[in-house]
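Listed below are the residues making up each chain.
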Amino acid sequence: MAKTPPQCPMDSLLRLLMGPWTTYIIWVLSDQGPQRFGALKRAVPGISTRMLTERLRMLQGAGIIWRVQEETIPPAVTYGLTSRGRELRSILDALGDIAKRWRDEGVFAGEVSGTT
């Protein structure tokens, strides 16, 4: 019987974060603080209401964001980062720095054929 290799915990985290718009939403909440749904939608240009709702539910389910709904008409819903979500800030900042450097080096434009 073949053994199943142990799952890499980092792989699980990256799979969670790599969904469409996920890191952008986390970045906005980290950079701008708690946001009402409409403000968050405006801060993430191009995202559909359906996709934003889906991503927010997924992030809430993972304990990365919190959600508070005020019983007003219409309901006021605010989202923010939990302590788990705030843990990601330094990691995402570091990845952002690498991404900017690689972009400037032409990696994403296919201009680099190898490493030095």
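See above for the structure.
All figures in this text were calculated on a predicted structure; none of them were measured in a lab.

## Quick word on the nonpolar core
1) Next: Among the nonpolar cores identified, the biggest contains 19 residues, and Ile25, Ile26, Leu40, Leu56, Ile64 and Ile65 are the most heavily contacted of them.
2) Next: When residues of this core are traced back to their parent elements, those giving at least two are helix 2 (22–32), helix 3 (37–43), helix 4 (49–61), strand 3 (76–81) and helix 5 (83–104).
3) Next: At four residues, helix 2 tops the list of elements feeding residues into this core.

## Description of the environment of Gln60
1) Next: Mapped onto the elements of the fold, Gln60 is located in helix 4.
2) Next: In sequence terms Gln60 and Gly80 are 20 residues apart; their C-alpha atoms lie 9.6 Å from each other.
3) Next: With residues near it in sequence (within four places) discarded, Gln60 still touches Ile65 and Arg67.

## Things to note about the pairing of strand 2 (residues 65–70)
1) Next: Both strand 2 and strand 3 contribute to a ladder of six bridges, which runs antiparallel. Counterpart to Ile65 in the pairing with strand 3 is Leu81.
2) Next: Taking the residues between adjacent antiparallel strands as the criterion, strand 2 and strand 3 are bridged by five residues.

## Let's talk about empty space enclosed by the protein
1) Next: Within this structure, the stated rule accounts for one cavity of 30 Å³ or more.
2) Next: The volume enclosed by the largest cavity comes to roughly 30 Å³.
3) Next: The wall of the largest cavity is formed by Ile26, Trp27, Ser30, Arg89, Leu92 and Asp93.
4) Next: Elements with a contribution of two residues or more to the lining of the largest cavity: helix 2 and helix 5.
5) Next: Considered class by class, the residues forming the lining of the largest cavity number three nonpolar, one polar and two charged.

## Re the sheet that holds strand 3
1) Next: Taken in spatial order, the three strands of this open sheet run 1-3-2, and their pairing is antiparallel. Only two strands of the sheet have a single partner each, and these edge strands are strand 1 (35–36) and strand 2.
2) Next: In the packing of helix 2 onto the sheet, the strands contacted are strand 1, strand 2 and strand 3, and the crossing angle to strand 3 comes to about 90°.

Reading the values: rules and limits
Residues numbered from 1 in each chain as written. Predicted model: local features only at pLDDT ≥ 70, side-chain atom pairs only at ≥ 80, totals over all residues. Heavy atoms only, no water. Core = buried A, V, L, I, M, F, W, Y, C linked by side-chain atoms within 4.5 Å. Buried < 20%, exposed > 50% of the residue type's maximum accessible area, 1.4 Å probe, protein only. Helix = DSSP H or I, 4+ residues; strand = E, 2+ residues; numbered from the N terminus. Contact = heavy atoms within 4.5 Å. Pairing = 2+ DSSP bridges. 1 Å grid on protein atoms, 1.4 Å probe; cavity = no way out; pocket = protein on both sides within 12 Å on 5 of 7 lines; lining within 4 Å. Points joined across faces, edges and corners; volume = space filled by probe spheres on them. Nonpolar A, V, L, I, M, F, W, Y, C, P; charged D, E, K, R; others polar. Axes fitted to C-alpha atoms, helices over the stretch in contact; angles between N-to-C directions.

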